[in-house]
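Notes for the structure review
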Amino acid sequence: MLDAHFPVFGLRLRTPRLELRLPGGEELAALADLAVDGVHPPEVMPFLYPWTDRPPVERARGLVQHHWSTLGAWEPGDWTLNLVVLHGGAVVGTQGLSGRDFAVTRVVGSASWLGRRHQRRGLGTEMRAAVLHLAFAGLGAEEAVSGAFLDNAVSLAVSHKLGYRADGLARHAVRGEAAVEQRLRLSRADWRRHRTVDVEIEGLDEACRAQFGVGS
């Protein structure tokens, strides 16, 4: 089994409606198909890097290459966990969690997207709650950071529901125009106060924790 050599492949997060895990080949292909079908209206751009502006074939191929590259670059001191999100056995999106020097900083970041036909059903809140539970309850995080552009009301609402607080603004150039990002920060105490989603973690054994740079 692959998880014997790369333990995070045995990691599973389960909520009342969702399962999150590293994708196999067929699931990664289904995620690429979702990206081709569309992630957001074309007149807006919720991502710092506008990868969804690429032609469909390049968009799908780039997604697969990005997933492989993050796994290939994985180090205990610098990791990105890009999980596929399944609802009723079908791939609906992806949820990421990342850490750099996590054993020292105890800070994680997150990023995610859902296929357009799976949006506005509360899945975004549930899947981010899953990785926050992994971070705080499973790995011992002290803070989680995130961000969204000011015109991304849905993402900001998810963050506020989960307990994040505003943490300043950042200006970026996106599609050749200025875009203002609301930075967000979630403390362990605020995470505890705002927990509403039951999450089950499977496969977070000593070998898996070591891949994240933390011990038992």
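Residues numbered from 1 in each chain as written. Predicted model: local features only at pLDDT ≥ 70, side-chain atom pairs only at ≥ 80, totals over all residues. Heavy atoms only, no water.

1. Comments concerning helix α1 (residues 25-37)
Note the cut-off: Helix and strand assignments follow DSSP, with helices taken as H or I runs no shorter than four residues and strands as E runs no shorter than two, numbered in order from the N terminus. Expected helix span is computed as 1.5 Å times (number of residues minus one). Classification of residues uses two cut-offs on accessible area relative to the type maximum, computed with a 1.4 Å probe and protein chains only: under 20% is buried, over 50% is exposed, and between them is partly exposed. Comment: arc refers to directions from the helix axis out to C-beta atoms. Contacts were defined at the residue level, with two residues in contact if any of their heavy atoms lie within 4.5 Å.
For α1, which comprises 13 residues, the first-to-last C-alpha distance of 19 Å matches the rise-based estimate of 18 Å (1.5 Å per residue) to within 8%. When we look at burial in α1, the residues that qualify are E27, L28, L31, A32, L34 and A35. Along the long axis of α1, the arc covered by the buried residues comes to 155°, so they all point the same way. Structural note: α1 exposes G25, E26 and D37 on the side pointing more than 90 degrees away from its buried face. Contact partners of the buried residues in α1: β2 (18-21), α2 (56-72), β3 (78-87), β4 (90-100) and β5 (107-114). Phi turns positive, to about 125°, at G38, one or two residues after α1.

2. Quick notes on the sheet that holds strand β1 (residues 12-14)
The cut-off we apply is this: When DSSP finds at least two bridges between two strands, those strands are taken to pair. Every angle, taken between N-to-C directions, lies between 0 and 180 degrees, and every axis is a line fitted to C-alpha atoms, over only the stretch in contact when it is a helix.
Judged by pairing direction, the sheet is mixed, and its nine strands sit side by side in the order β7-β8-β6-β5-β4-β3-β2-β1-β9 without closing on themselves. Edge positions in the sheet fall to β7 (165-174) and β9 (200-202), since each has one partner strand and no second. The sheet shows a mean angle of 25° between the axes of neighbouring strands, direction not considered. Across the sheet, α1 lies against β2, β3, β4 and β5, angled at about 100° from β4, the strand it touches most. Against the sheet, helix α4 (residues 123-138) contacts β1, β2, β3, β4, β5, β6 (143-149), β8 (177-187) and β9, and its axis sits at roughly 35° relative to β4.

3. Observations concerning the pairing of β8
Taken together, the seven bridges between β6 and β8 define a ladder with antiparallel strand orientation. The residue of β8 that forms the bridge with E143 is S187. One ladder, built from eight bridges, connects β7 with β8; its direction is antiparallel. Looking at β8, one finds that R165 is bridged to R185. What sits between the antiparallel neighbours β7 and β8 is a turn of two residues, in which R175 has the positive phi angle 55°.

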